[in-house]
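Observations on the three-dimensional arrangement
As a plain string of letters, each chain reads:
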Amino acid sequence: MTMLNRDWALNIPPDEGCAVWRTCLSCPLPQCVYESRGETLRGAYAIRRWLDAAALAAEGQTVAEIAATLGMDKRTVYRALAGARRLGVAVRGLAEAEQEGRR
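My aim in this report is to walk through the structure given alongside it, one point at a time. Only a predicted model underlies this, so the values are computations on that prediction, with no experimental measurement involved.

Conventions we followed
Residues numbered from 1 in each chain as written. Predicted model: local features only at pLDDT ≥ 70, side-chain atom pairs only at ≥ 80, totals over all residues. Heavy atoms only, no water. Axes fitted to C-alpha atoms, helices over the stretch in contact; angles between N-to-C directions. Helix = DSSP H or I, 4+ residues; strand = E, 2+ residues; numbered from the N terminus. Parallel < 35°, antiparallel > 145°, perpendicular 65-115°, else oblique. Contact = heavy atoms within 4.5 Å. Phe/Tyr/Trp six-rings, centres within 6.5 Å; stacked < 30°, edge-to-face > 60°. Lys NZ or Arg CZ within 6 Å of the ring centre and 35° of its normal. Buried < 20%, exposed > 50% of the residue type's maximum accessible area, 1.4 Å probe, protein only.

Thoughts on the packing of helix α2 (residues 63-70) against helix α3 (residues 74-86)
A packed helix pair is summarised by two numbers, namely the angle formed by the two axes and the spacing between the axes. The geometry of α2 relative to α3 is characterised by a closest axis approach of 9 Å and an angle of 100 degrees between their N-to-C directions. Here α3 runs roughly perpendicular to α2, going by the angle between their axes. Together, Val63, Ala64, Ile66 and Ala67 of α2 and Lys74, Val77, Tyr78 and Leu81 of α3 make up the contact between the two elements.

Encoded structure:
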């Protein structure tokens, strides 16, 4: 009978997160991007941009301001906001930012 190595509990890797969020344990996504079927690192960067756009919308920025801040086209901002919504990220000001940008 072998004795269990009790040091295994001390060798927990640090929670460094990924390209989408800074820590795994506080990530807002319902499922890890690396556990999603067919997800790649490129997709993780896209999701990060979706979350950035949603965060700026929550701060009350318009679609035009978000586009200028993130260096993307206004249509891309609309896609990013829709992507964040599909991920289940509830963001305050999301509808207002979309409406503001369409005027």
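Here we look at the packing of aromatic side chains
All told, the structure shown has zero aromatic pairs when counted by the stated rule. Above the face of the Trp50 ring, Arg86 is positioned so that its terminal group lies 5.5 Å from the ring centre.

Some points on the environment of Leu56
If you trace the backbone, Leu56 turns up in helix α1 (residues 41-58). Residue classification places Leu56 among the buried positions, given a relative accessible area of 12%. Spatially, the C-alpha atoms of Leu56 and Leu70 are 9.5 Å apart, while their sequence positions differ by 14 residues. If sequence neighbours within four positions are ignored, Leu56 has contacts with Gln61, Ile66, Thr69 and Leu70.

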